[in-house]
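# Breakdown of the fold
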Amino acid sequence: EQQHLEEVAAAATHGPLYLCCDGSHDPIRHIASHGWVIADSYGNPLWEGSGPVDGVPSQLNPYRAEIHGLLAVLHLLLRLDNYHNIGCAKAIVYCDNLKAIKGVSNQSPLNLKQATSDDYDVFLELKSLQKELQIQTEMIWVKGHFEGQNPHFKYKLNKIAHKAAVTFLKAPHLSARMTIA
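### A look at the overall build of the protein
The number of helices and strands found in the protein is six helices and six strands. Ordering the α and β elements of the protein from the N terminus gives α-β-β-β-α-β-α-α-α-β-α-β. Taking 2.2 N^0.38 as the reference for a compact globule, 181 residues should give roughly 16 Å; the C-alpha atoms of the protein span a radius of gyration of 15 Å, in line with that estimate. Projected onto the principal axes, the alpha-carbon positions of the protein cover approximately 45 × 35 × 35 Å. Carbon together with sulfur atoms contributes 54% to the accessible area of the protein, which is approximately 9,400 Å² in total. Looking at the protein, you have 16 positive and 18 negative side-chain charges, and the mean spots of the two groups are 7 Å apart.

### Description of the side chain of Asn158
Tracing the sequence through the fold places Asn158 in helix H6 (residues 153-170). Owing to a relative accessible area of 1%, Asn158 belongs among the buried residues under this scheme. With sequence-adjacent residues up to four places away left out, Asn158 is seen in contact with Cys20, Cys21, Asp22, Asp96, Val142, Lys143, Gly144 and His145.

### Focus on the confidence of the model for the protein
For the protein, mean pLDDT is 90; residues scoring 70 or higher make up 94% of the total. Counted against residues more than four places away or in other chains, residues 175-181, with its pLDDT under 50, gives 25 contacts.

### Comments concerning the packing of aromatic side chains
Pairs of aromatic rings are described using the distance from one ring centre to the other and the angle between the two planes. In this structure the tally under the stated criterion is five aromatic pairs. A ring pair is formed by Tyr18 and Phe153, whose centres lie 4.8 Å apart and whose planes are at 75 degrees; its orientation type is edge-to-face. Pair noted here: Tyr18 is in strand E1 (residues 17-26) and Phe153 is in helix H6, with a separation of 135 residues, a long-range link. A single burial state applies to Tyr18 and to Phe153, both of which are buried.

### Things to note about helix H3 (residues 98-105)
Residues of H3 that are buried: Ala100, Ile101, Gly103 and Val104. Down the axis, H3 shows its buried residues gathered within 165 degrees of arc, on one side only. Exposed residues lying more than 90 degrees from the buried face of H3 are Lys99 and Lys102. In this fold, the buried residues of H3 make contact with helix H2 (62-84), strand E4 (90-95), helix H5 (120-132) and strand E5 (136-141). The N-terminus of H3 is capped by Asn97, whose side-chain oxygen sits 3.2 Å from the backbone nitrogen of Lys99.

### As for the pattern of salt bridges
Scanning the model with the defined rule gives six salt bridges in all. One salt bridge connects Lys159 with Glu147, and the closest N-O pair in it is separated by 3.3 Å. Separated by 12 residues along the polypeptide, Lys159 in helix H6 and Glu147 in the loop between E5 and H6 bring together distant segments of the chain. Since its relative accessible area comes to 63%, Glu147 is described here as exposed. Here the salt bridges share partners, and the residues they tie into one network are Asp54, Arg64, Asp119 and Asp121.

Calculation rules
- Residues numbered from 1 in each chain as written.
- Predicted model: local features only at pLDDT ≥ 70, side-chain atom pairs only at ≥ 80, totals over all residues.
- Heavy atoms only, no water.
- Helix = DSSP H or I, 4+ residues; strand = E, 2+ residues; numbered from the N terminus.
- Rg over C-alpha atoms; globule rule 2.2 N^0.38 Å.
- Areas by Shrake-Rupley, 256 points an atom, 1.4 Å probe, with all protein chains shown as cover.
- Lys, Arg positive; Asp, Glu negative; His and termini not counted.
- Charge placed at Lys NZ, Arg CZ, Asp CG, Glu CD.
- Buried < 20%, exposed > 50% of the residue type's maximum accessible area, 1.4 Å probe, protein only.
- Contact = heavy atoms within 4.5 Å.
- pLDDT = per-residue confidence, 0-100.
- Phe/Tyr/Trp six-rings, centres within 6.5 Å; stacked < 30°, edge-to-face > 60°.
- Arc of directions from axis to C-beta.
- Polar contact = N/O pair within 3.5 Å; in protein donor to acceptor, adjacent residues only side chain to side chain.
- Salt bridge = Lys/Arg side-chain N within 4 Å of Asp/Glu carboxyl O.

Next comes the structure, spelled out in structure tokens:
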């Protein structure tokens, strides 16, 4: 893990980091997962990973899986920020769930509807992480499952994050994986 963090930190000095996350949910088995990928300023994947989504099984849903992906990438950015001193870096975070992007981009305090939602715990942590981050972070919606000619690298990153989430969902008994791309 340390080697991957150092490689990503080095890439952050040459331009923005691009991160993409996605979620996956199985309503039959009541499980969910998230996947993520970090790329350099040219969109070349450097590191990817996946993991489970926590919560009461009956309350797991696709949205919670998506925001856990955002949670994972913000934790990675905070770790880079704290241990590799890249506070002046910039990160672009892509997610294919517009509601999640709008929710995490909203700078106002959580409203009553949000505070009573099943996903309140995750939003509190997302807001807390955003306050701690020194890295300039921009959240951008990306069309999921894009099919077209000459796609921008953000669509390729979305496919990688999606595949990581689905792969983990199919084999949740395995520990979270982080691999070099």
